[in-house]
Amino acid sequence: MRPKILMIHGGGTTPDIFRIQARKLDAALSQFFDLHYVSAPIECPAGPGVLPFFAGMEPFLKWMHDQPPDLEDLDTFPALDDMLRVFHTEGPFDGVVAFSQGAKAALHLLRHLERERGGDTAVDFVITVCPTCPFQGIKDPKDRRSPYAKACLELGKVQTESIHVLASGDPYNYESESMIEFFEPSARKVFRIEGGHHMPMDDGFNRKLAAMAARIYNGI
């Protein structure tokens, strides 16, 4: 059986849209892995850049409401139970690829799974692209004065080996820069590329990401 990757779309899209958005990375990863695209449960308006190209592909979906939760609910979100069910019933999964709000969902998922396993990692790697960070309702995620920001950071860092792709022209780049703080520094690699809030389109770069994922999976 080939290793499998859980593919997590962004907010205001669908698995089918994400399959198109991620087609370059999909083609590169598919040389080594089977890809499983998972669907968010909450209907919502179209996300950034979705219209007009993907008009007619409704309903658009999201993982969470992006509103400040109670401090005791920092490490959960409405779709967590759905994601855990997919992870346990459709897996095992060896890696995760997540875009935009999907990266935020992946963070909570992986942190929950690592806690379930007493700190052991649940997958071999995670790749986030243009991630938005878990600071719902906070105008500037770098504002450490926020009790939400402080409490969320104190929940601990994801130990899974991680690769993060940040785009200089992404209007949410400040969130992406903050997001990487939630991953263990010794186990993370960050690429800062040109471009906007979208999946990378350069064939060579996508092949590089896929090769890195394969090396991590094979323990090289």
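The paragraphs below set out a description of the structure included in this document. Quick caveat, the model's predicted, so the values are computed rather than measured.

Definitions and cut-offs
Residues numbered from 1 in each chain as written. Predicted model: local features only at pLDDT ≥ 70, side-chain atom pairs only at ≥ 80, totals over all residues. Heavy atoms only, no water. Helix = DSSP H or I, 4+ residues; strand = E, 2+ residues; numbered from the N terminus. Buried < 20%, exposed > 50% of the residue type's maximum accessible area, 1.4 Å probe, protein only. Contact = heavy atoms within 4.5 Å. Areas by Shrake-Rupley, 256 points an atom, 1.4 Å probe, with all protein chains shown as cover. Salt bridge = Lys/Arg side-chain N within 4 Å of Asp/Glu carboxyl O. Pairing = 2+ DSSP bridges. Axes fitted to C-alpha atoms, helices over the stretch in contact; angles between N-to-C directions. Phe/Tyr/Trp six-rings, centres within 6.5 Å; stacked < 30°, edge-to-face > 60°. Core = buried A, V, L, I, M, F, W, Y, C linked by side-chain atoms within 4.5 Å. Right-handed = clockwise from strand over helix to strand, strands pointing away.

### As for the overall build of the protein chain
Then comes step 1: Tallying secondary structure elements over the protein chain gives seven helices and eight strands in all.
Then comes step 2: Across the 220 residues in the protein chain, those meeting the buried criterion constitute 52%.
Then comes step 3: Taking all contacts inside the protein chain whose residues are at least 6 apart in sequence as the whole, residues at least 24 apart take part in 78%.
Then comes step 4: Carbon and sulfur atoms form 51% of the exposed surface of the protein chain, whose accessible area is close to 9900 Å².

### Some details on the pattern of salt bridges
Then comes step 1: The final tally for this structure, using the stated rule, is six salt bridges.
Then comes step 2: Residue Asp-203 pairs with Lys-24 through a salt bridge whose shortest N-O separation is 3.2 Å. Of this pair, Asp-203 sits in helix α7 (residues 203–217) while Lys-24 sits in helix α2 (residues 23–29), and the two are 179 residues apart along the sequence.
Then comes step 3: Classification of Asp-203 by relative accessible area gives partly exposed; the value is 39%.
Then comes step 4: With a relative accessible area of 28%, Lys-24 lands in the partly exposed category.
Then comes step 5: In this structure, the salt-bridge partner of Glu-116 is Arg-117, at a minimum N-O distance of 3.7 Å.
Then comes step 6: Given a relative accessible area of 46%, Glu-116 falls into the partly exposed group.
Then comes step 7: Classification of Arg-117 as partly exposed rests on a relative accessible area of 31%.

### Notes on the sheet that holds strand β6 (residues 125–129)
Then comes step 1: Read from one edge of the open sheet, six strands run β2-β1-β5-β6-β7-β8, paired in parallel fashion. Strands at the two margins of the open sheet, each flanked by one partner only, are β2 (34–38) and β8 (188–193). Geometrically, the sheet is characterised by an average inter-axis angle of 15° between neighbouring strands, direction not taken into account.
Then comes step 2: Here four bridges tie strand β1 (residues 4–8) to strand β5 (residues 95–99), and the two strands are oriented parallel to one another. When the sheet's bridge partners are listed, Met-7 is paired in β5 with Val-97.
Then comes step 3: Against the sheet, helix α4 (residues 101–116) contacts β1, β5 and β6, and its axis sits at roughly 145° relative to β5.

### Some words on the packing of aromatic side chains
Then comes step 1: According to the stated counting rule, one finds eight aromatic pairs in the structure shown.
Then comes step 2: Between Phe-32 and Phe-33, the ring centres sit 6.4 Å apart and the planes meet at 65°, which makes this aromatic pair edge-to-face.
Then comes step 3: The exposure class of Phe-32 is partly exposed, given its relative accessible area of 34%.
Then comes step 4: Look at Phe-33 and you get buried, because its relative accessible area is 2%.

### Observations concerning unusual backbone geometry
Then comes step 1: Cis rather than trans, the peptide bond between Leu-51 and Pro-52 has omega equal to 5°.
Then comes step 2: You can see Pro-52 is positioned in the loop between β3 (42–44) and β4 (60–62).
Then comes step 3: The omega torsion of the bond from Gly-91 to Pro-92 falls at 10°, within 30 degrees of zero and hence cis.
Then comes step 4: Of note in this structure, Ser-100 is not a glycine but carries a positive phi near 55°.
Then comes step 5: Using a relative accessible area of 10% as the deciding quantity, one classes Ser-100 as buried.

### Notes on the nonpolar core
Inside soluble globular proteins, nonpolar side chains tend to come together where they are buried.
Then comes step 1: Core analysis: the biggest nonpolar cluster contains 33 residues, and Leu-6, Ile-8, Trp-63, Phe-77, Phe-87, Val-96 and Leu-109 have the highest contact counts within it.
Then comes step 2: Elements with a contribution of two residues or more to this core: β1, α3 (80–90), β5 and α4.
Then comes step 3: Once residues lying within four places of it in the same chain are set aside, the contact partners of Leu-6 are His-36, Val-38, Val-86, Phe-87, Phe-93, Gly-95, Val-96, Val-97 and Leu-109.
Then comes step 4: Counting residues in hydrophobic clusters, the runner-up holds 27 residues, among them Phe-99, Val-129, Met-199 and Ala-214.

### Observations regarding the pairing of β8
Then comes step 1: Two elements, strand β7 (residues 161–167) and β8, share six bridges in a ladder whose sense is parallel. For Val-165, the partnering residue across the bridge sits in β8 and is Phe-191.
Then comes step 2: Read as a crossover between parallel neighbours, the route from β7 over helix α6 (residues 173–179) to β8 is right-handed.

These values are about where atoms sit, not about what they do.
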